[in-house]
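Topology and contacts: notes
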Protein chains: 2
Amino acid sequence: MAEGITAKKEKDFSEWYTQLLEKAELVDLRYNIKGFVPYREWAQISIEKMFRMMSDELDKTGHLPICLPTLIPEKNFKLESEHVKGFAPEVFWVTEYGNGEKLEEKYALRPTSETAFYQMYSYWIRSHKDLPYKRYQRANIFRAEGKMTRPFLRAREFHWIEAHNAFATKEDAEAQVKEDILMTNNTLLNKFAIPHIFFERPQWDKFAGAEKTFAADALMGSGKVLQLPSTHLIGQKFSKVFNVKFIDKDGSDKYCHITCYGPAISRIYGAMICMHGDDKGLKLPFDLAPLQIVIVPVQLEKERTKLLKKAGEIKKELEKNYIVKIDDREDYSPGWKYNYYELKGVPIRIEIGPRDLEKKAVVIARRDLNLKESVNEKDVVNYVNKIAKEYTGNLIKQASVNFEGNIADVKTAEDMKKALQEQKIIRVPFCSIEMDGAKCAESIEKYYMAQVRGIRADKKEKTSGNCVMCGKKAKEVVYIARSY
Amino acid sequence: MAEGITAKKEKDFSEWYTQLLEKAELVDLRYNIKGFVPYREWAQISIEKMFRMMSDELDKTGHLPICLPTLIPEKNFKLESEHVKGFAPEVFWVTEYGNGEKLEEKYALRPTSETAFYQMYSYWIRSHKDLPYKRYQRANIFRAEGKMTRPFLRAREFHWIEAHNAFATKEDAEAQVKEDILMTNNTLLNKFAIPHIFFERPQWDKFAGAEKTFAADALMGSGKVLQLPSTHLIGQKFSKVFNVKFIDKDGSDKYCHITCYGPAISRIYGAMICMHGDDKGLKLPFDLAPLQIVIVPVQLEKERTKLLKKAGEIKKELEKNYIVKIDDREDYSPGWKYNYYELKGVPIRIEIGPRDLEKKAVVIARRDLNLKESVNEKDVVNYVNKIAKEYTGNLIKQASVNFEGNIADVKTAEDMKKALQEQKIIRVPFCSIEMDGAKCAESIEKYYMAQVRGIRADKKEKTSGNCVMCGKKAKEVVYIARSY
């Protein structure tokens, strides 16, 4: 038997995740810098596919790829005061080279790249004809996290795409935020099978230097939410500091309106495996699985030649469209193999034994529903096509049920407390997401260890109630949850 | 007129390259850290394609992708003494985080990743069944170069793939070097159109920590060679230091034989644009061009509707297989556009004017041969297919003529000097590429400012002559050239 996960996801999510990471061979925690974690092939193959899907989405919407340096001079970094205040505690600094020679200036390992992008934009953008100016880069990002790190979900080095766009008007910038939300839906939901809600974050929880922040929250194990891609209305603050101007049609100089969008692919990967994994191990969206179909001939000692011939025929047919492997190793039992490929999240397993040969059939097991069935030889391709087509949709469905069923409407602090204990996301009337609501949010954090996630970005929700904390007339309906 | 390159490649290569970089908008030299250069979209699009082609090649030969941390603890880095001696002067160190807090240990920004890979290999490799163990990563690499930097060709941050493979035997490792040379041929020559020779480097010029180094040299402008992908027989030195062992079939513990292969994609991109560019600007292999076909309607003021209709029809047909754009801007003249797209290295330009409409023809200009021709409307697709098919081959041919014609056989130091002045690569009898030949190589470096590049890796060349420097009986035929 392959060594499976012994912790239960429902009972001890944290231990389950740690075992999943190790036993499915996704990362190795033995690398000797805290919070820096090697990704092994079974994770990296999927992560590469996710990068391509996200880049394709950006390419389709008129973004072009560029590549900026990893290091940012201290003086760039310090130009925008809110930004530096927000990020300074987390910056790693390069101060030396060679055998201890001091550099003339300190360089930040980018904790995000606004201060590199916008300096260059001040050179690259000249005229209204250059706008919209939409560029992105794939980059590794470094943050000296104070909170406890966790592979993929919160790490000191992570891997993302960041798109920085410049516009002539505020309206164009706002339209970009809508496009970012749509792109997130096309990838995060449709490709990575992660149901989520986009919130406008409260003013006290926005990106350091932005006017407004919009972020997708997904519901993870143990009822906590996890922030996934966020997009920000940066406004003109950085434009003014970095001098990102354009000559408008009327000949006048104007500052650009900027947005930035940052899907952290490695973090999304972490969310994805948390969301879909079960006590047997990984489940992966069909197009992201490093191996899609494994064929396991059983009782090889009996009809070896015939079994391998049949397995080869099936493989040949299926590998026209899928990633397929035959596992004919004799030093592992079929049972060991079944457990192993379930642990690894291989979507489809085909078993063939001597008796199947006689019946001209095979057994097909599917990981989305954890079911298996005997299928006539001649129907194998159609049957597999059908599973492939509905597989990712099934993962979305399973995750959505979990999500929708976990939102609770409450009106009082008492009910809120109870619902949070039941691992729900709370929908409540709340005084305000402007700075005057910050005090109520602090109390919620202090007494319930939960955060105000914001108001929905996809639809306007109205309230006639009073704020769950201060009792003043509520301006907003907000969502409150515990978060990673 | 688009502002073209004013320097001549043949006369002032260095100025030509600088202008090409700027005017074709490939990089921006204004970023404020020395040797760190932003890549703009026109470069990055091609570089991304090159990464995919190289990764595909590695995938095909059984390598799997992983992703290791960018930072390497000082103590790992210092474990292998030759390695640390070779790389220490070039390492950037992270020593602080936040507002000046000192880290407990210094971390190297990876100048190469042996000392991260092999630590993990000691955990991941257990048995002869795990071998060969072939893994690669795409990574950004940092070196505090002492020599003058130049965008793409020599930078303080660059972008590569590094493959690290572990084997049971020396023979398996040697076979991997052959596979690496073949992979280089499949990409560097066939896809990137760069003719090159693979040399076994002399012992005094090998990778720090390796037993043998093999490297591809390409012939660049002004007769200098540039080192492109290299592959190294690392042997067992690192295995012993990092404890990379496996249990062999007989039950005994053995150290792995390691190889590493490092195609520096950003550097290859630089070599590629140097090699193929001309006084009009870029030339790019057909599959790497960000835009493959531009359609320019001319005299738009005359037959605007008809011209745009025709252009649209042609685009619709061609974009089934190619990346196509129509440039119908009226504030730029056709002449400006022709120069602009030639500068940008767009392989094919289709011009359509009112007179072409009448004749039911278009003019097709091709950048590989810098020719243009009138082509009947109904033949456009076939004509374009033909150009697309032979385009990259033409670039290879042009570069090969240059390469082969630049190798000179000489027997004396006197002739060598002359040939080097004529910007030739020299083929000469030489005493030895073991350490006892180092003195002669030093003299060549000192008196002729040229380097012994090594002996050919692809064929054995015999000599009966005497060493061009010391006059002793020559053991080898070596190649000598000036290099970047």
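What you are looking at is a predicted structure, and each value in this text was computed from that prediction instead of being measured.

**Concerning the overall build of chain A**
- The helix and strand inventory of chain A stands at 14 helices and 21 strands.
- Relative to the globule expectation of 23 Å for 484 residues, the C-alpha radius of gyration of chain A, 25 Å, shows essentially globular dimensions.
- Dimensions of chain A, computed from C-alpha atoms along their principal axes, come out at roughly 80 × 60 × 50 Å.
- Taking all 484 residues of chain A together, the buried fraction comes to 61%.
- Sequence-distant contacts in chain A: of pairs separated by 6 or more residues, those separated by 24 or more amount to 68%.
- Total accessible area computed for chain A in this model is approximately 20,200 Å², and 49% of it derives from carbon and sulfur atoms.
- Each charge class in chain A was averaged separately, 80 positive and 70 negative side chains, and the resulting centres sit 2 Å apart.

**Quick look at the environment of Ala-163 of chain A**
All names here are of chain A.
- Within the element layout of this structure, Ala-163 appears in strand β6 (residues 157-167).
- Since its relative accessible area comes to 3%, Ala-163 is described here as buried.
- For the pair Ala-163 and Ile-66, spaced 97 residues apart in sequence, the C-alpha separation works out to 9.8 Å.
- Setting aside residues up to four positions removed in sequence, Ala-163 forms contacts with Leu-58, His-63, Arg-135, Tyr-136, Thr-259, Cys-260 and Tyr-261.

**Considering the pairing of strand β12 (residues 257-261) of chain A**
All names here are of chain A.
- Buried residues dominate β12, accounting for 5 of its 5 residues.
- Neither face of β12 is open: one carries His-257, Thr-259 and Tyr-261, the other Ile-258 and Cys-260, and all of them are buried.
- Pairing between β6 and β12: 5 bridges, direction antiparallel. Pairing of Phe-167 across the sheet is with His-257, part of β12.
- Sheet topology note: the strand β9 (residues 225-235)/β12 ladder contains 4 bridges and is antiparallel. Pairing of Thr-231 across the sheet is with Tyr-261, part of β12.

**Quick word on the state of the cysteines**
- All told, the structure shown has 0 disulfides over all chains when counted by the stated rule.
- Here Cys-467 of chain A is not cross-linked by a disulfide; its sulfur's nearest cysteine counterpart is in Cys-470 of chain A, at 3.7 Å.

**Examining the pattern of salt bridges**
- A complete count under the given rule lists 80 salt bridges over all chains for this structure.
- Across the pair Lys-309 of chain A and Glu-313 of chain A runs a salt bridge, and its minimum N-O distance is 3.3 Å. With Lys-309 of chain A and Glu-313 of chain A both in helix α9 (residues 300-318) and 4 residues apart, the pair spans about one turn of that helix.
- According to the relative accessible area criterion, Glu-313 of chain A is partly exposed, its value standing at 38%.
- Between Lys-280 of chain B and Glu-342 of chain B there is a salt bridge whose closest N-O contact spans 3.3 Å. Taken together, the residues Lys-280 of chain B in the loop between α8 (265-276) and β13 (293-297) and Glu-342 of chain B in helix α10 (residues 334-343) connect sequence positions 62 residues apart.
- Glu-342 of chain B sits in the buried class, given a relative accessible area of 14%.

**Overview of the relation of the copies chain B and chain A**
- Superposing chain B onto chain A takes a rotation of 180 degrees plus a shift of 0.0 Å along the axis, which leaves an RMSD of 0.0 Å. Taken together, these values place the two copies in the relation of a two-fold axis. Identified as the residue of chain B closest to the rotation axis by C-alpha distance is Val-94 of chain B, at 2.1 Å.
- Looking at the interface residues of chain B, 100% of them are also at the interface in chain A, so both copies use one shared face.

**As for the confidence of the model for chain A**
- Here chain A shows a mean pLDDT of 95. Residues at 70 or above account for 99%.
- Under the prediction, the complex receives an ipTM of 0.96, its pTM being 0.96.

**Quick look at helix α8 (residues 265-276) of chain A**
- A rise of 1.5 Å per residue sets the reference length of α8 of chain A, with its 12 residues, at 16 Å; its end C-alpha atoms lie 16 Å apart and thus fit the reference within 8%.
- Those residues of α8 of chain A that sit buried are Ile-265, Ser-266, Arg-267, Ile-268, Tyr-269, Gly-270, Ala-271, Met-272, Ile-273, Cys-274, Met-275 and His-276 of chain A.

**Examining the packing of aromatic side chains**
- The tally for this structure, following the rule as stated, stands at 44 aromatic pairs over all chains.
- Pairing Tyr-118 of chain A with Tyr-121 of chain A gives two aromatic rings, centres 6.0 Å apart and planes at 50 degrees, and the pair type is tilted. Of this pair, Tyr-118 of chain A and Tyr-121 of chain A both sit in helix α5 (residues 114-124), 3 residues apart, roughly one helical turn. Across the pair, exposure class does not vary: Tyr-118 of chain A and Tyr-121 of chain A are buried alike.
- Measuring from ring centre to ring centre gives 4.8 Å for Tyr-39 of chain B and Phe-152 of chain B, while their planes differ by 45 degrees; the resulting arrangement is tilted. You can see Tyr-39 of chain B sitting in the loop between α1 (13-23) and α2 (41-60) and its partner Phe-152 of chain B sitting in the loop between β5 (133-142) and β6 (157-167), a full 113 residues away along the chain.
- Of the residues examined, Tyr-39 of chain B reaches a relative accessible area of 3% and is grouped as buried.

**Considerations on the domain arrangement of chain A**
Residue and element names in this part refer to chain A.
- In terms of domain boundaries, chain A breaks down into domain 1 (13-276), domain 2 (291-390) and domain 3 (407-481).
- Each partner contributes to the interface: domain 1 provides 16 residues, whereas domain 3 provides 20 residues.
- Summing both sides of the interface, domain 1 and domain 3 together bury roughly 1,500 Å²; the carbon and sulfur share of this comes to 66%.
- The three residues of domain 1 that bury the most area against domain 3 are Phe-199, Glu-200 and Trp-204, which together make up 39% of that side's buried surface.
- Counting the contacts that link domain 1 with domain 3 gives 1 salt bridge.

Definitions and cut-offs
- Residues numbered from 1 in each chain as written.
- Chains lettered and ligands numbered in written order.
- Predicted model: local features only at pLDDT ≥ 70, side-chain atom pairs only at ≥ 80, totals over all residues.
- Heavy atoms only, no water.
- Helix = DSSP H or I, 4+ residues; strand = E, 2+ residues; numbered from the N terminus.
- Rg over C-alpha atoms; globule rule 2.2 N^0.38 Å.
- Buried < 20%, exposed > 50% of the residue type's maximum accessible area, 1.4 Å probe, protein only.
- Contact = heavy atoms within 4.5 Å.
- Areas by Shrake-Rupley, 256 points an atom, 1.4 Å probe, with all protein chains shown as cover.
- Lys, Arg positive; Asp, Glu negative; His and termini not counted.
- Charge placed at Lys NZ, Arg CZ, Asp CG, Glu CD.
- Pairing = 2+ DSSP bridges.
- Disulfide = S-S within 2.5 Å.
- Salt bridge = Lys/Arg side-chain N within 4 Å of Asp/Glu carboxyl O.
- Least-squares fit on C-alpha atoms with pLDDT ≥ 70 in both.
- pLDDT = per-residue confidence, 0-100.
- Expected span 1.5 Å × (residues − 1).
- Phe/Tyr/Trp six-rings, centres within 6.5 Å; stacked < 30°, edge-to-face > 60°.
- Domains from an automatic or database assignment.
- Buried area = accessible area lost by both parts, 1.4 Å probe.

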